[in-house]
Amino acid sequence: ANRMPRSRRGPRAMPRRLRPGGRDAGGRGARAAPVAVEVSGLAGEVFSVAALASWDISRLKQAVEDRTGVPVPCQRLVFGDRCPGDGAELSGLVQPAAKTGAGVAVAATLVISLQSVVDDLQGGPERQLTALRTLAVLGPRG
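Rules used in this analysis
- Residues numbered from 1 in each chain as written.
- Predicted model: local features only at pLDDT ≥ 70, side-chain atom pairs only at ≥ 80, totals over all residues.
- Heavy atoms only, no water.
- Helix = DSSP H or I, 4+ residues; strand = E, 2+ residues; numbered from the N terminus.
- Buried < 20%, exposed > 50% of the residue type's maximum accessible area, 1.4 Å probe, protein only.
- Areas by Shrake-Rupley, 256 points an atom, 1.4 Å probe, with all protein chains shown as cover.
- Expected span 1.5 Å × (residues − 1).
- Arc of directions from axis to C-beta.
- Core = buried A, V, L, I, M, F, W, Y, C linked by side-chain atoms within 4.5 Å.
- Contact = heavy atoms within 4.5 Å.
- Salt bridge = Lys/Arg side-chain N within 4 Å of Asp/Glu carboxyl O.
- Pairing = 2+ DSSP bridges.

1. Re the overall build of the protein chain
Counting its regular elements, the protein chain contains 3 helices and 7 strands. If you list the helices and strands of the protein chain from N to C, you get β-β-β-β-α-β-β-β-α-α. When burial is assessed residue by residue, the protein chain has 30% of its 142 residues classed as buried. Accessible surface, the protein chain: about 8800 Å² in total, of which carbon and sulfur atoms supply 54%.

2. Quick notes on helix H3 (residues 125-138)
The end-to-end C-alpha distance of H3 is 20 Å, a good match for the 20 Å that 14 residues give at a rise of 1.5 Å each. Those residues of H3 lying buried are Ala131, Thr134 and Leu138. Down the axis of H3, the smallest arc covering the buried residues is 60°, so these residues share one side. Relative to its buried face, H3 has exposed residues pointing more than 90 degrees away, namely Pro125, Glu126, Leu132, Arg133 and Ala136. Immediately downstream of H3, the backbone of Gly139 shows phi near 60°, a positive value.

3. Side note on the nonpolar core
Core analysis: the largest hydrophobic core is formed by 20 residues, its most contacted members being Val37, Val39, Val49, Leu60, Phe79 and Leu90. Of all the secondary structure elements, the ones that give two or more residues to this core are strand E3 (34-40), strand E4 (46-52), helix H1 (57-68) and strand E7 (103-112). Broken down by element, this core gets its largest block of residues, 4 residues, from H1. Those residues in contact with Leu90 that lie beyond four places of it in its chain are Val37, Ala51, Leu52, Ala53, Trp55, Ile57, Leu60 and Phe79. Residues Cys74, Val117, Ala131 and Leu138 belong to the second largest nonpolar core, which totals 5 residues.

4. Observations concerning the pattern of salt bridges
In this structure the tally under the stated criterion is 2 salt bridges. Residues Asp86 and Lys61 are paired through a salt bridge, measuring 2.7 Å at the closest nitrogen-oxygen approach. Here Lys61 lies in helix H1 and Asp86 lies in the loop between strand E5 (75-78) and strand E6 (99-100), a separation of 25 residues in the sequence. Given the relative accessible area of 5%, Lys61 is considered buried. With a shortest N-O distance of 3.1 Å, Arg127 and Asp120 are connected by a salt bridge. Judged by relative accessible area, Arg127 falls into the partly exposed class, the value being 40%.

5. Some thoughts on H1
A rise of 1.5 Å per residue sets the reference length of H1, with its 12 residues, at 16 Å; its end C-alpha atoms lie 16 Å apart and thus fit the reference within 8%. The complete set of buried residues in H1 reads Ile57, Leu60, Lys61, Ala63, Val64 and Thr68. One face of H1 carries all of its buried residues, which in axial projection span an arc of 160°. Of the residues trailing H1, Gly69 is marked for its positive phi of about 85°.

6. Side note on the pairing of E3
The alternating pattern of E3 places Val35, Val37 and Val39 on a buried face, while none of Pro34, Ala36, Glu38 and Ser40, on the opposite face, is buried. As defined by bridge partners, E3 adjoins E4 across 7 bridges and the pair is classed as antiparallel. The partner of Val35 across the bridge, within E4, is Ala51. Turn length for the E3-E4 hairpin, with the two strands adjacent in sequence and antiparallel, is 5 residues, and the turn residue Ala43 shows positive phi of about 60°.

Printed below as a string of structure tokens:
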């Protein structure tokens, strides 16, 4: 009858964050570690995106679009000398020396590329419309 509320009953009530031993509440391990991605953007501004090591580049690009307004199809994220594909995970880009007490940090450079827009312009009418919408969102930055 005097049961503790569920929120005070141990590990099941813990929010999804890393637990000791490198595993999170979902059992995903270190891949769920927080990553601070420092992005050098357009016109030299630098901003940080809070991500998880399990994110793929496509998810990171969406977060960058939310922050900058640069459409995902126009983004290329360069990590040092690498420009990974959209399916690559951040966990593969984190250098062991970059680990900190609060997670890890990764540096990226945002480059605008119109190659996917050009490819869409050379496609059928639906792809052309997609390209024109992308250019409209990009505006004078492109």
